[in-house]
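Examining the three-dimensional arrangement
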Amino acid sequence: MPPRSPNAVTLRDVSRVFGRTFALHRVSTTLKAGSITALLGNNGAGKSTLLNILATVDAPSDGEVRFGKVAFADFARRGRARIGWVSHQTLVYDELTGRENLTFFGQLYGIPHIQKIVEGWLERVGLSAAADRPVGTYSRGMKQRLTIARALLHDPQLVLLDEPATGLDQAGTALVSSLLGELRDEGRIVVIISHNFSLIETLADNVLILRKGQLRASGPLPPGTPLVSHYQAHA
Ligand SMILES: Nc1ncnc2c1ncn2[C@@H]1O[C@H](COP(=O)(O)OP(=O)(O)OP(=O)(O)O)[C@@H](O)[C@H]1O
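Not measured: the values here are computed from a predicted model.

1. Quick look at the pattern of salt bridges
Under the criterion given, the structure shown has 14 salt bridges. Its salt-bridge partner being Arg26, residue Asp13 comes within 3.2 Å of it at the nearest N-O pair. In this pair, Asp13 sits in strand S1 (residues 8–18) while Arg26 sits in strand S2 (residues 21–32), placing the two residues 13 residues apart along the sequence. Residue Arg26 is classed as exposed on the basis of its relative accessible area, which comes to 54%. Its salt-bridge partner being Arg184, residue Asp185 comes within 4.0 Å of it at the nearest N-O pair. Residues joined by salt bridges that share partners form a network here, namely Arg12, Glu64 and Arg66.

Have a look at this one:
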């Protein structure tokens, strides 16, 4: 049995060392259900390292991560089905159609009544008309829409998104924005890395700013402060 859906992810003094580099240095924070957390920082600040640890594909060198009451190692073994992850890799197959891709991932997760769920997601991300075309013929934006559907169709409680608006036009970015709001309203834990400051400014309940592996700011954007000023003061 997978562990229960966590109502928070808690990090306490989490460090990750590569050789002599502290990719993360004693990061402590709580990511709550029903909130969107933005992860910001300059190149090399540690954003991807933190997201990889939350996805349980990397582990802290030191410190503690808890998914609800479940310890990191246990969640990494049994909790992955609770995680939805949009990473730099699309993880969709060019030879399969959009519909076949989603059906395949749904079957991997053992989702009952998968076809209905697949149709719902194709519709939601605007790919119903292209559902029977091989993904190799899709534009970058269409692939990204499919990637987002693939990451969400198993109903994950913890949603991790690394630049989800990559390759998307204005309509695609608006879709990401409305999906993020829905995920929050449904009580999920949402964490997003994005250079799209207007998206973050509108949506994020919690802004984490990393600098050289250290957490320099955490919490809601101070009222009346533009995100860019807040970022420049801490990144
Ligand atoms: N596998 C690795 N081996 C060695 N060093 C690594 C590894 N992964 C990350 N690092 C180092 O850890 C630090 C943080 O990297 P990370 O990729 O987490 O930053 P980032 O904020 O995601 O940067 P970017 O915006 O460029 O993707 C950097 O100094 C990076 O060189």
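2. A few points about the side chain of Thr147
With respect to the helices, strands and loops of the structure, Thr147 is situated in helix H5 (residues 140–152). Polar contacts involving the side chain of Thr147 include one to the main-chain carbonyl oxygen of Thr90, which spans 3.4 Å. Ignoring sequence-local partners within four residues, the contact set of Thr147 consists of Val86, Thr90 and Val92.

3. Regarding helix H3 (residues 98–108)
Within H3, burial applies to Gly98, Asn101, Leu102, Thr103, Phe105 and Gly106. Contact partners of the buried residues in H3: helix H4 (114–124) and H5.

4. Thoughts on a nonpolar patch on the surface
Where nonpolar side chains cluster on the molecular surface, the patch consists of Tyr93, Phe104, Leu108 and Tyr109 and spans about 390 Å² of accessible area. Among the structural elements, Phe104 can be located in helix H3.

5. Notes on the packing of H5 against helix H6 (residues 170–185)
Contact geometry for H5 and H6: axes closest at 11 Å, N-to-C directions at 15 degrees. Comparing their axes, H6 and H5 come out roughly parallel. The handedness of the crossing between H5 and H6 is left-handed. The residues of H6 that touch H5, namely those facing Arg145, Ile148 and Leu152, are Ala171, Gly172, Leu175, Val176, Leu179 and Leu183. Across the contact of H5 with H6, the residue classes tally to seven nonpolar, one polar and one charged.

6. Topic: the site of the ligand
Inspection of the region around the ligand gives Phe18, Thr21, Ala23, Asn42, Asn43, Gly44, Ala45, Gly46, Lys47, Ser48 and Thr49 as its neighbouring residues. Within the contact set of the ligand, an oxygen atom lies 3.3 Å away from a side-chain nitrogen or oxygen of Asn43. Ser48 is positioned with one of its side-chain polar atoms (N or O) 2.7 Å from an oxygen atom of the ligand. Within the complex, the protein chains bury 56% of what would otherwise be the 630 Å² of accessible surface of the ligand.

7. Considerations on the side chain of Ser87
In this structure, Ser87 sits in the loop between strand S6 (83–86) and H3. One polar contact links the side chain of Ser87 to the main-chain amide nitrogen of Gln89, over a distance of 3.3 Å.

8. A look at the sheet that holds strand S7 (residues 158–162)
Strand order in this open sheet of six strands is S6-S7-S8-S3-S9-S10, and the pairing throughout is mixed. Each having just a single partner strand, S6 and strand S10 (214–217) make up the two edges of the open sheet. In this sheet, neighbouring strand axes are inclined to one another by 20 degrees on average, regardless of whether the strands run parallel or antiparallel. Strand direction decides the pairing type here: strand S3 (residues 35–40) and strand S9 (residues 206–211), joined by four bridges, are parallel.

Calculation rules
Residues numbered from 1 in each chain as written. Predicted model: local features only at pLDDT ≥ 70, side-chain atom pairs only at ≥ 80, totals over all residues. Heavy atoms only, no water. Salt bridge = Lys/Arg side-chain N within 4 Å of Asp/Glu carboxyl O. Helix = DSSP H or I, 4+ residues; strand = E, 2+ residues; numbered from the N terminus. Buried < 20%, exposed > 50% of the residue type's maximum accessible area, 1.4 Å probe, protein only. Polar contact = N/O pair within 3.5 Å; in protein donor to acceptor, adjacent residues only side chain to side chain. Contact = heavy atoms within 4.5 Å. Patch = residues over 30% accessible without salt bridge, like charges linked within 9 Å, V, L, I, M, F, W, Y side chains within 5 Å. Areas by Shrake-Rupley, 256 points an atom, 1.4 Å probe, with all protein chains shown as cover. Axes fitted to C-alpha atoms, helices over the stretch in contact; angles between N-to-C directions. Parallel < 35°, antiparallel > 145°, perpendicular 65-115°, else oblique. Left-handed = near helix turned anticlockwise from the far one by under 90°. Nonpolar A, V, L, I, M, F, W, Y, C, P; charged D, E, K, R; others polar. Near = heavy atom within 4 Å. Pairing = 2+ DSSP bridges.

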